[in-house]
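The residues making up each chain are set out below.
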Amino acid sequence: MVRPRPPRQQAASRKVQPPTERVQKLLAAAGIGSRREVERWIREGRLQINGAVPALGAKLTPRDRITLDGRPVRLHTPARKELRVLLFHRSPGETLDLKAATSRAAEHLNLPRASGRWLAIQPMPPVDGGLEILTDDGSWAHRVSRGVHALTVDYVLRMRGPLNEDLVAEFRAAVDCEGGAMSILEANAQYGEGFNHWLNVTVRATRSAQVRHWWAARGIIVSRLMRVRFGPVHLSRELPRGHSRAMLTSERNALINEIDAAAAGAESGAEPAAKA
């Protein structure tokens with residue numbers, strides 16, 4: 001009787017493959033750039049792996065050599081990197097230049113140094129200011145950025161011009177501006193004795209530039225616009241302009257929970273809540 005030969009040669013020939021990660025995910029997790037930025041670098045030919053431009057979604061191994069604009073990219077990704085998220089009170093007109101070298105950005109904006117560089121979650125335009133959320137964790141930034149459009153946001157506007165209740169009511173009912181959809185949930189005016197008036201606004205999926213353009217088309221100049229709430233996260237009086245603080249774990253959890261709840265509501269077809 002002939003016995004079958006054991007598959008020892010086959011088993012021995014199997015090689016253990018090194019772990020791989022998609023290039024966008026790995027660089028984002030290391031704080032080098034957001035996933036969208038990495039994709040843009042690949043399309044522009046600026047990012048190379050082992051001397052060649054990779055395909056979108058290409059996977060990396062620890063032995064691969066990465067360069068950006070010809071300079072080596074060194075990844076420092078500990079197994080359990082501490083999540084760092086900041087709340088930053090930005091002054092209107094102050095540029096949130098986070099694409100500069102980490103040391104220069106930290107010095108200019110009075111931010112603590114990041115392990116990679118700080119990434120902003122849906123940053124306000126330079127002309128506006130208020131609450132900004134920053135993190136040096138690309139994966140966390142990617143997760144939050146995908147869902148923040150469903151959150152409600154509070155703006156405070158300082159306005160110059162003939163503001164009245166008819167215009168405020170028209171603004172509440174506005175659904176678009178220059179072809180872009182708007183969702184105005186609340187708008188309450190505080191009239192000043194001089195030229196300046198104040199408007200407290202709650203919106204969803206509505207950019208501050210749209211709000212400015214809507215009022216400008218009606219002869220009202222928005223001289224200042226500040227974001228004072230981002231979902232469940234509020235800009236408190238205890239955080240002065242130009243300063244930052246670490247986002248509390250409870251605040252981070254509340255933000256993620258509200259994003260997840262909004263996503264679940266969208267899948268079920270339920271109307272999201274107007275305001276927390």
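Structure shown above.
Note that the coordinates shown come from a computational prediction; the quantities given were computed from them, not determined experimentally. Sequence order as written defines residue numbering, which begins from 1 separately in each chain. Per-residue local features are limited, in this predicted model, to residues with pLDDT of at least 70; the limit for side-chain atom pairs, both in listing and counting, is 80 or more; totals at the level of whole chains, interfaces and linings are taken over all residues. Excluded from the side-chain calculations are hydrogens and water; all other atoms, namely the structure's heavy atoms, are used.

1. Quick look at the overall build of the protein chain
And step 1. Scanning the protein chain from N- to C-terminus turns up 8 helices and 16 strands.
And step 2. Residue burial is assigned from relative accessible area. The probe radius is 1.4 Å, only protein chains are included, and a residue is buried under 20% of its type maximum, exposed over 50%, and partly exposed in between. For the protein chain, buried positions account for 39% of its 276 residues.
And step 3. Long-range pairs, those at least 24 residues apart, make up 67% of the contacts in the protein chain with a sequence separation of at least 6.
And step 4. Surface accessibility follows the Shrake-Rupley procedure with a 1.4 Å probe radius. Residue values consider only the protein chains on display as shielding. About 16000 Å² of surface is accessible on the protein chain, with carbon and sulfur atoms providing 51% of the total. Counting from the N terminus, the helices are the DSSP runs of H or I reaching at least four residues and the strands are the DSSP runs of E reaching at least two. Two residues form a contact once any of their heavy atoms are found within 4.5 Å.

2. Structural notes on the nonpolar core
And step 1. With 42 residues, the main nonpolar core has Ile133, Tyr155, Leu157, Phe171, Leu199, Trp215 and Leu255 as its most contacted residues.
And step 2. The dominant element in this core, judged by the number of residues it contributes, is strand β9 (residues 152-160), at 4 residues.
And step 3. For Ile133, the contacting residues outside a window of four places in its chain are Val85, Leu86, Leu87, Leu119, Ala120, Ile121, Trp140, Phe230, Met247 and Leu255.
And step 4. Formed by 12 residues, the second largest nonpolar core is a distinct cluster that contains Val23, Leu27, Ile49 and Leu60. In this text, buried Ala, Val, Leu, Ile, Met, Phe, Trp, Tyr and Cys residues form a nonpolar core when linked through side-chain atoms within 4.5 Å.

3. Brief notes about the sheet that holds strand β2 (residues 47-49)
And step 1. Spatially, the 3 strands line up as an open sheet ordered β2-β4-β5, and their pairing is antiparallel. Looking at strand neighbours, the two that pair on one side only are β2 and β5 (71-72), the edges of this open sheet. Here, strands pair whenever DSSP counts at least two bridges between them.

4. Let's talk about unusual backbone geometry
And step 1. One non-glycine residue with positive phi stands out, namely Gln122, at about 45°.
And step 2. Note that Gln122 resides in the loop between β7 (119-121) and β8 (129-135).
And step 3. Although it is not a glycine, Ala205 sits at a positive phi angle of roughly 50°.
And step 4. Tracing the backbone shows Ala205 in the loop between β13 (196-204) and α7 (208-216).
And step 5. For Ala205, a relative accessible area of 53% gives the class exposed.

5. Quick word on helix α3 (residues 35-43)
And step 1. Those residues of α3 lying buried are Glu37, Val38, Trp41 and Ile42. Buried residues of α3 fall within an arc of 140° about the axis and therefore sit on the same side. Residues of α3 that are exposed and point more than 90 degrees away from the buried face comprise Arg36 and Arg43.
And step 2. Each element contacted by the buried residues of α3 is listed here: α2 (23-29), β2, β4 (66-68) and β7. Our arc is simply the arc of the directions from the helix axis toward the C-beta atoms.

6. Regarding the packing of aromatic side chains
And step 1. Pairing of aromatic rings covers Phe, Tyr and Trp, the last counted by its six-membered ring, and requires centre-to-centre distances within 6.5 Å; plane angles under 30 degrees mean stacked, over 60 mean edge-to-face, and any other angle means tilted. Scanning the model with the defined rule gives 3 aromatic pairs in all.
And step 2. With a centroid separation of 5.1 Å and an interplanar angle of 40°, the aromatic rings of Phe171 and Trp215 are classed as tilted. One end of the pair, Phe171, is in helix α6 (residues 165-172); the other, Trp215, is in helix α7, and 44 residues separate them in sequence.
And step 3. For Phe171, a relative accessible area of 0% gives the class buried.
And step 4. Connected via pairs of aromatic rings, a cluster forms that spans Phe171, Trp214 and Trp215.
And step 5. Stacked on the ring of Trp214, the Lys or Arg Arg218 has its end atom at 3.7 Å from the ring centre. Placement of a positive charge over a ring is assigned whenever Lys NZ or Arg CZ falls within 6 Å of the ring centre and within 35 degrees of the normal to the ring plane.

7. Quick look at the side chain of Asp128
And step 1. Looking at the secondary structure, you find Asp128 in the loop between β7 and β8.
And step 2. With relative accessibility at 0%, the residue Asp128 sits in the buried group.
And step 3. Once you skip the residues sitting within four places of it in the chain, Asp128 turns out to touch Arg90, Ser91, Pro92, Gly93, Ser208, Arg212 and Leu225.

8. Observations concerning the environment of Gly93
And step 1. On the secondary structure map, Gly93 appears in the loop between β6 (85-90) and α4 (102-109).
And step 2. By relative accessible area, which is 52% here, Gly93 ends up exposed.
And step 3. Along the backbone, Gly93 and Val127 are 34 residues apart, and their C-alpha atoms lie at a distance of 4.5 Å.
And step 4. Dropping the residues within four chain positions of it, Gly93 is found in contact with Pro126, Val127 and Asp128.

9. Section: the pattern of salt bridges
And step 1. Salt bridge criterion: a side-chain nitrogen from Lys or Arg within 4 Å of a carboxyl oxygen from Asp or Glu. The full count for this structure, using the stated rule, is 11 salt bridges.
And step 2. The partner of Arg143 in a salt bridge is Asp260, with the nearest N and O atoms 3.3 Å apart. Of this pair, Arg143 sits in helix α5 (residues 138-145) while Asp260 sits in helix α8 (residues 249-268); the two residues are 117 residues apart in sequence, bridging distant segments of the chain.
And step 3. For Arg143, a relative accessible area of 45% corresponds to the partly exposed category.
And step 4. Among the residues examined, Asp260 registers a relative accessible area of 37% and is labelled partly exposed.
And step 5. A salt bridge links Asp154 to Arg229; the shortest N-O distance between them is 2.9 Å. Highlighted residues: Asp154 in strand β9 and Arg229 in strand β14 (residues 221-230), separated in sequence by 75 residues.
And step 6. Classification of Arg229 by relative accessible area gives buried; the value is 1%.
And step 7. Here the salt bridges share partners, and the residues they tie into one network are Arg40, Glu44, Arg46 and Asp69.

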